[in-house]
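Coordinate analysis (summary)
For reference, the chains in residue letters:
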Amino acid sequence: MKRTILFALAACFALPTLSRAGEGFDVVTLGARGGIEDGNLSAYLISPHGDPRGVTCDAGALVAGLRVAEAKGAFDTVTVPADSPYTRVGYMLTDRIRGYLISHAHLDHIAGLIAASPDDAKKPIYALPSVNSDIEQTYFNWEAWPNFGNRGKEPLLKKYEYRDLPASGKVELTGTGMSVTAFPLSHGGVESTAFLVENGKDALLCFGDTGPDEVEKATRIADIWTAVADKVRARQLKAIIIEVSYTNAQPDKFLFGHLTPAWLLKSLHGLEEKAGKGSLKDLPVVISHIKYSLKKGPLPQEDILKELQAGNDLGVNFIIPEQGMKWRF
Ligand SMILES: [Zn+2]
Ligand SMILES: [Zn+2]
């Protein structure tokens, strides 16, 4: 109760920092799948626990995800100010989401942002330079859609400010109290991104689409494990959101820059090697980007979870997300 009053007061006076390091993150699944269900594509709202100001990691679904999350009670503690013209969904979109981290410009990672753009508020898009350039040239170009960006084909509506992220350099997430470090990923010939979001000593790692290092002939994922090994050992890395697009039945030559349970397990063992035996025990690993199935039979998420559990001698806490789910990590 006291806590609620404190947050309400803090919100009234718009204190610059509401959260404290060590309290972890609140994560809401706005979009759980990697295809083909429009309205439920990759998007995770991340904020420090108890701090209303967040960013999304990808934006495949936005208003659709906010609506489902609202219906499931994920925003029950959010109070819309009396003088706001917005519904709670509108308030979440325009006020609480302070920016977007976009891993790559594939449609299933940005469709929600584009659809919501006419009614969205001014905010930054954080991405690697190649990704921001793809967004500018492919979507906000006055052909696919009006140019809501601050670069590219004129006139510039300047609702979204492109913030080019340096590879492996820490950047403040304006108006959130958090920072982000972008790590490039190899995704079947496309540059994708993993984002390390930090609040004080707390960290959370959110991956965009990625193939296995061995198949992509790269060391992208291994390099990220090297960068975060200390945080894993110190239990400061609170969760990993990472894709598994196919079951183990998918042959390597048809991965198209994605992971299977076997490849993810192999990679996580690589992380454990760097961070120390037993260091991944109970670490929440959210499995994103599973494709919605139109076929009869077992759901792909059930098969994928079984395959992950079968090789889980790491003690990792694998989580299959559903749209609207909220966790504290
Ligand atoms: Zn995708
Ligand atoms: Zn992709």
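About the criteria used
Numbering of residues begins from 1 in every chain and follows the order in which that chain's sequence is written. In the order they appear in the text, chains get letters beginning with A and ligands get numbers beginning with 1. The model is predicted, so local features are restricted to residues of pLDDT at least 70 and side-chain atom pairs to those at 80 or more, both for listing and for counting; the totals for chains, interfaces and linings are taken over all residues. Each side-chain value is worked out from all heavy atoms of the structure, with water and hydrogens disregarded. Each helix is a run of H or I in the DSSP string that is no shorter than four residues. Each strand is a run of E no shorter than two, and both are numbered from the N terminus. Using C-alpha atoms as the atom set, the radius of gyration is obtained and then compared with a globule rule of 2.2 Å times the number of residues to the power 0.38. Burial classes: relative accessible area under 20% of the type maximum marks a residue as buried, over 50% as exposed, and values in between as partly exposed (1.4 Å probe, protein chains only). When the sulfur atoms of two cysteines come within 2.5 Å, that pair is taken as a disulfide. For Na, K and Ca the donor cut-off is 3.2 Å; for every other metal, N, O and S atoms count as donors within 2.8 Å. Water does not enter the count, which can leave sites looking incomplete. Every angle between 85 and 135 degrees makes a four-donor site tetrahedral, while opposite donors more than 155 degrees apart, with all other angles between 65 and 115, make a four-donor site square planar and a six-donor site octahedral; other sites are irregular. Strands are treated as partners if at least two bridges between them are detected by DSSP. Interaxial angle, 0 to 180 degrees, is taken between N-to-C directions of lines fitted to C-alpha atoms, where a helix line uses only the stretch in contact. A pocket here means an open set of points on a 1 Å grid, computed over the protein atoms alone, that has protein on both sides within 12 Å along at least five of seven lines. A cavity is instead a set of points where a 1.4 Å probe fits but cannot get out; residues with an atom within 4 Å of a point line either one. Grid points are joined across faces, edges and corners, and a volume is the space filled by probe spheres set on the points. Residue polarity follows a fixed list, in which Ala, Val, Leu, Ile, Met, Phe, Trp, Tyr, Cys and Pro are nonpolar, Asp, Glu, Lys and Arg are charged, and the others, Gly among them, are polar. Contacts are residue-level and defined by heavy atoms, with any inter-residue pair within 4.5 Å sufficient. The labels follow the angle: roughly parallel below 35 degrees, roughly antiparallel above 145, roughly perpendicular from 65 to 115, and oblique for the rest. For a crossing to be left-handed, the near helix must be turned anticlockwise from the far one by less than a right angle; the clockwise case is right-handed. Place the viewer so that the strands point away; then a crossover is right-handed whenever the path from the first strand over the helix to the second strand goes clockwise. Two N or O atoms count as a polar contact when they lie within 3.5 Å, although within protein this holds only if one can serve as hydrogen donor and the other as acceptor, and sequence-adjacent residues are included solely when both atoms are side-chain atoms.

When helices and strands are tallied, the protein chain shows nine helices and 14 strands. Relative to its length of 329 residues, the protein chain is compact, with a C-alpha radius of gyration of 19 Å against a globular reference of 20 Å. Overall, the C-alpha framework of the protein chain stretches about 55 × 50 × 45 Å when taken along its three principal axes. The buried share of the protein chain, taken over its 329 residues, is 54%.

Glancing now at the state of the cysteines. Under the criterion given, the structure shown has one disulfide. Note on cysteine connectivity: Cys-57 is disulfide-linked to Cys-206, with sulfurs 2.1 Å apart. Residues Cys-57 and Cys-206 are joined by a disulfide whose S-S torsion is about -90°; by sign, that bridge is left-handed. Of this pair, Cys-57 sits in strand E3 (residues 54–57) while Cys-206 sits in strand E10 (residues 202–207), and the two are 149 residues apart along the sequence.

Let us look at the coordination of the zinc ion (ligand 1). Around the zinc ion (ligand 1), the protein contributes the donor atoms Asp-108 (OD), His-109 (NE2), Asp-209 (OD) and His-289 (NE2), at 2.1 to 2.2 Å from the metal centre. Donor residues for the zinc ion (ligand 1), ordered by position in the chain, follow D-H-x99-D-x79-H. Separation of the zinc ion (ligand 1) from the zinc ion (ligand 2) amounts to 3.4 Å, with Asp-209 serving as a shared donor to the pair. Residue Asp-108 is found in the loop between strand E4 (97–101) and helix H4 (111–116), and its partner Asp-209 is found in the loop between E10 and helix H6 (213–216); the two are separated by 101 residues along the sequence.

At the metal site, the zinc ion (ligand 2) is ligated by His-104 (NE2), His-106 (ND1), His-187 (NE2) and Asp-209 (OD), and these contacts range over 2.1 to 2.3 Å. Considering all four donor atoms around the zinc ion (ligand 2), the spread of angles at the metal, 89 to 168°, places the coordination shape in the irregular class. We note that the donor set of the zinc ion (ligand 2) lies within a single chain, spaced as H-x1-H-x80-H-x21-D. Exposure remark for His-106: the relative accessible area of 32% places this residue in the partly exposed category.

As a further point, take the sheet that holds strand E11 (residues 237–243). The strand order E7-E8-E9-E10-E11-E12-E13 describes an open sheet built from seven strands, whose pairing is mixed. The sheet terminates laterally at strand E7 (170–173) and strand E13 (317–319), the two strands that pair on one side only. Within this sheet the neighbouring strands show an average axis-to-axis angle of 25°, counted without direction. Here four bridges tie E7 to strand E8 (residues 178–187), and the two strands are oriented antiparallel to one another. Bridged to Lys-170 within E8 is Thr-181.

Quick look at empty space enclosed by the protein now. Counted according to the given criterion, the structure contains one cavity of 30 Å³ or more. If you add up the space inside the largest cavity, you get close to 50 Å³. What lines the largest cavity is a set of 13 residues, and nearest its centre among them are Ser-42, Asp-58, Phe-207, Gly-208 and Ser-288. Broken down by secondary-structure element, the contributors of at least two residues to the lining of the largest cavity are E10 and E11. A class-by-class count of the residues in the lining of the largest cavity yields five nonpolar, five polar and three charged.

In this section: the sheet that holds E3. The seven strands lie next to each other as E6-E5-E4-E3-E2-E1-E14, forming an open sheet whose pairing is mixed. The two strands at the open ends of the sheet, each matched to only one other strand, are strand E6 (160–164) and strand E14 (326–328). The average angle at which neighbouring strand axes cross in this sheet is 25°, direction not considered. Of the strands in this sheet, strand E5 (123–127) and E6 are in contact with helix H5 (residues 129–138), which crosses E6 at around 150°.

Packing of helix H2 (residues 63–71) against helix H3 (residues 88–96) brings their axes to within 9 Å, and their N-to-C directions diverge by 130°. One finds that H2 runs oblique with respect to H3. Considering the relative orientation of H2 and H3, their crossing is right-handed. Side by side, H2 and H3 meet where Val-63, Leu-66, Arg-67 and Glu-70 of the first sit next to Arg-88, Val-89, Met-92 and Leu-93 of the second.

To continue, consider the pairing of E11. Within E11, six of the seven residues are buried, leaving the element largely enclosed by the surrounding structure. Where E10 lies against E11, four bridges are found, and the strand directions are parallel. Paired with Leu-205 across the bridge in E11 is Ile-240. Handedness of the crossover joining E11 and strand E12 (residues 284–288) through helix H8 (residues 261–275): right-handed.

A word on the side chain of Asn-312. You can see Asn-312 is positioned in the loop between helix H9 (300–310) and E13. The class for Asn-312 is buried, based on a relative accessible area of 16%. Polar side-chain contacts of Asn-312 include one of 2.8 Å to the backbone oxygen of Val-316. Dropping the residues within four chain positions of it, Asn-312 is found in contact with Leu-265 and Phe-318.

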